[in-house]
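For reference, the chains in residue letters:
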Amino acid sequence: MERRALLKLIATATGTAMFAGNALAYENLRPVPLSATLFTGEDVLLFNEMAEVIIPQTDTPGAKAANVGQTMAVLVTDCYTPLLQKTFKEGVATINTLCQSKYNKAFLQLDMQQREALFNELDVEAKDANLANRVWQGVETGKPSQWEPGTDEPTPHYFTLLKQLTLYCFFTSQVGATKVLRYISIPGKYDGNVPYKKGDKAWAT
């Protein structure tokens, strides 16, 4: 999938452009150890479980199989401003609080049906909140200092950040690119007449 197509997909799915423009430079870098991030192994486990609700395993691998939680930890640490980091971290805590109030359980103790119901509610809430707060442009048109501490700019809803990170990390992962999208390694021979039939997977590039 071309980067432009991925960003369009994220914008369509979340109602806002992608937050964290610096993520676009991370595709070919060496792995970053978890110890260099703001998060722990338990956090990564939780991120993977949350992401699996957004991209579940079906006949193709889901978000957990791509270990998107590890990449999310790196991107939030290195590509989010301090204010967006705070929004994301507090948002994850809020999700657990909501689970306790609605189901008297932590998120990891919920069954898939309960997780899906909660995330469907948060998805609607996030889109409404972003629209009401006029948060839709993302980093593509936002000033670099837009979400730094001390500004009065409204931040995107925390669920928007979680959903965007899930989509971005999954479709730029090896699993997402080779097991879900169609993939041909480059360099290779040029073929300008590749057969296509309706319903074929998108291409990973």
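### Digging into the pattern of salt bridges
If the charged atoms of two oppositely charged side chains come close together, the side chains can form a pair. The tally for this structure, following the rule as stated, stands at 6 salt bridges. A salt bridge links glutamate 121 to lysine 102, with the nearest nitrogen and oxygen atoms 3.5 Å apart. Within this pair, whereas glutamate 121 is found in helix H5 (residues 112–132), its partner lysine 102 is found in helix H4 (residues 82–103), the two being separated by 19 residues in sequence. For glutamate 121, a relative accessible area of 44% puts it in the partly exposed group.

### As for unusual backbone geometry
Although it is not a glycine, asparagine 104 adopts a positive phi angle of roughly 60°. As for its placement among the helices and strands, asparagine 104 is situated in the loop between H4 and H5. The class of asparagine 104 is exposed, set by a relative accessible area of 63%. Not every positive phi belongs to a glycine, and arginine 134 is a case in point at roughly 60°. You can see arginine 134 is positioned in the loop between H5 and helix H6 (138–141).

### Here we look at the packing of helix H2 (residues 41–54) against H5
For the pair H2 and H5, interaxial distance at closest approach is 10 Å and the crossing angle is 75°. Taken together, H2 and H5 sit at an angle that is classed as roughly perpendicular. Residues Glu49, Met50, Val53 and Ile54 of H2 pack against Met112, Arg115, Glu116 and Phe119 of H5. Grouping the amino acids of the contact of H2 with H5 by side-chain chemistry returns 5 nonpolar, no polar and 3 charged.

Parameters and conventions
Residues numbered from 1 in each chain as written. Predicted model: local features only at pLDDT ≥ 70, side-chain atom pairs only at ≥ 80, totals over all residues. Heavy atoms only, no water. Salt bridge = Lys/Arg side-chain N within 4 Å of Asp/Glu carboxyl O. Helix = DSSP H or I, 4+ residues; strand = E, 2+ residues; numbered from the N terminus. Buried < 20%, exposed > 50% of the residue type's maximum accessible area, 1.4 Å probe, protein only. Axes fitted to C-alpha atoms, helices over the stretch in contact; angles between N-to-C directions. Parallel < 35°, antiparallel > 145°, perpendicular 65-115°, else oblique. Contact = heavy atoms within 4.5 Å. Nonpolar A, V, L, I, M, F, W, Y, C, P; charged D, E, K, R; others polar.

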